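Structure assessment
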Amino acid sequence: MTEKVAKLTLGDQTFDFPVLQGSVGPDVIDIRSLYAKTGLFTYDPGFTSTAACDSSITYIDGDKGELLYRGYPIDQLAEKSSYTEVCYLLLYGELPTKAQLAEFDDLVTRHTMVHEQMHYFFRGFRRDAHPMAVMTGVVGAMAAFYHDSTDITDPQQREIASIRMIAKMPTIAAMAYKYSVGQPFVYPRNDLDYASNFLHMCFSVPAEQYEVSPEIARAMDLIFTLHADHEQNASTSTVRLSGSSDANPFACIAAGVACLWGPAHGGANEAALNMLRQIGTVERIPEFIARAKDKNDPFRLMGFGHRVYKNYDPRAKVMQETAKKVLDILGVENNPTLQVAKELERIALEDEYFVDRKLYPNVDFYSGIILNAIGFPTSMFTVLFAVARTVGWIAQWKEMIADPQKKIGRPRQLYNGSPAREYQSIDAR
Ligand code: CMC
């Protein structure tokens with residue numbers, strides 16, 4: 001097979017750049033030698049055309065609306081796998097055997113407790129702090145509690161840090177929730193699976209155990225699976241960039257949590273439910289559609305549109321079905337928010353503005369309805385996303401650390417400020 005080459009012509013000079021092929025997806029032009037050869041940089045704010053790494057974890061075909069974890073379609077994993085099985089797949093590349101899964105589950109379960117002193121750390125926060133603010137602080141603080149797994153050059157320490165984060169994130173998230181509602185922290189239970197244990201830590205109180213419904217636990221598990229990884233999104237790229245300086249894994253994941261918080265990223269599930277409630281009734285939908293289309297109005301349909309998906313987000317499909325199931329199980333009939341969501345989706349998908357721009361519902365459009373029905377306040381939605389995405393961040397971070405080609409991330413810029421000028425003393429300004 002002849003190697004593909006991209007030719008760049010600058011004035012009367014032509015430069016060749018190799019074109020690299022992945023296993024699937026678009027080829028990429030390898031421009032690593034661009035600056036050395038031409039003295040030029042590329043300009044790509046928002047990385048709309050830039051592959052920042054090579055990875056074998058997750059693949060998205062945005063036009064087809066396809067999402068694969070290690071080659072497996074998300075809808076098959078959502079239907080057939082548990083979240084910890086998916087964690088194993090993302091971390092180690094293959095689906096586990098029964099014995100491997102049992103060993104992995106046991107390992108994760110036995111790391112769910114957090115250092116007792118972390119309880120005091122929590123108490124330094126105001127009770128009304130947003131749980132994501134608490135998460136950002138506490139996850140970063142893990143580096144102070146688990147010194148013995150911060151040496152990133154030691155594969156064993158990297159492994160322990162990974163398991164610790166996957167195991168302790170639900171505990172920390174549940175503590176953030178309990179703290180915000182003024183209830184005592186609930187310790188994890190080793191007899192429960194990952195999702196059930198999380199629900200137990202969130203909703204049990206010393207006076208009364210929370211009866212974990214298997215169907216609700218399954219829905220929670222599914223939500224975790226759907227959010228587990230999404231290739232080089234903003235928070236994952238943040239984790240990779242942080243990790244490229246050899247920062248410890250807890251600090252890197254804390255950086256990912258901070259990035260995820262933004263409403264254009266993980267914060268969209270909270271914003272989507274708030275929007276659906278603000279719309280309130282089906283009759284008011286046209287008013288909001290008009291606002292979303294008005295270029296002078298900053299309002300956007302939250303839970304709609306995606307940088308990569310130019311088709312229905314495959315996670316949104318599973319989410320919509322799950323929303324219906326969960327509401328049925330909980331006996332919530334004719335939920336007005338679900339009605340508004342479905343009708344809004346129907347109208348938007350027929351509207352020229354949304355059709356032309358290929359704007360479809362994304363994962364966040366329906367997730368809030370499910371989480372709210374389970375009993376979580378909106379402020380916890382992004383926290384749950386962070387719990388689920390932790391495995392993706394870690395898998396991507398581990399992949400990068402083990403890559404012999406790893407380099408510190410250091411983008412360049414198109415400078416538009418003042419050229420060099422003489423300093424003026426304060427009296428002369
Ligand atoms: N409502 C109305 N118009 C929209 C929307 C929307 N939700 N999203 C994009 N557009 C329009 C946008 O105004 C632009 O129109 P025009 O070409 O006329 O200027 C066009 O569609 C392209 O938008 P863009 O902002 O250039 O696209 P992007 O790839 O930079 O942004 C996005 C992607 C997800 C930030 C954006 O679609 C958005 O803000 N959506 C709402 C927030 C949201 O739901 N985020 C969750 C994303 S999925 C989960 C996650 O990644 O965390």
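Below: a short report on this structure. Since the structure is predicted, the reported quantities are computational estimates derived from the model, not experimental observations. (Residues numbered from 1 in each chain as written. Predicted model: local features only at pLDDT ≥ 70, side-chain atom pairs only at ≥ 80, totals over all residues. Heavy atoms only, no water.)

Remarks on the sheet that holds strand S4 (residues 58-61)
- Pairing is antiparallel across the open sheet formed by 3 strands, whose spatial order is S4-S5-S6. The two strands at the open ends of the sheet, each matched to only one other strand, are S4 and strand S6 (72-73).
- With 2 bridges connecting them, strand S5 (residues 66-69) and S6 associate as antiparallel partners. Bridge pairing in S6 links Tyr69 to Tyr72. (Pairing = 2+ DSSP bridges. Helix = DSSP H or I, 4+ residues; strand = E, 2+ residues; numbered from the N terminus.)

With respect to the packing of aromatic side chains
- Applying the stated criterion across every chain yields a total of 23 aromatic pairs.
- Each ring, one from Tyr92 and one from Phe104, has its centre 6.2 Å from the other, and the planes form 90°; the classification is edge-to-face. Residue Tyr92 is found in helix H3 (residues 83-92), and its partner Phe104 is found in helix H4 (residues 98-109); the two are separated by 12 residues along the sequence.
- Arranged with centres 6.3 Å apart and planes meeting at 65°, the rings of Tyr177 and Phe376 form a pair that is edge-to-face. Of this pair, Tyr177 sits in helix H7 (residues 155-181) while Phe376 is found in the loop between helix H17 (364-374) and helix H18 (381-402), placing the two residues 199 residues apart along the sequence.
- Ring pairs connect the aromatic residues Tyr83, Tyr177, Tyr194, Phe198, Phe203, Tyr210, Phe224 and Phe376, which therefore count as one cluster.
- The ring of Phe17 carries the charged tip of Lys37 above its face, separated from the ring centre by 4.7 Å.
- Above the ring of Tyr179, the side-chain terminus of Arg127 is found at 4.1 Å from the ring centroid. (Phe/Tyr/Trp six-rings, centres within 6.5 Å; stacked < 30°, edge-to-face > 60°. Lys NZ or Arg CZ within 6 Å of the ring centre and 35° of its normal.)

None of the figures reported here should be taken as evidence of function without further support.
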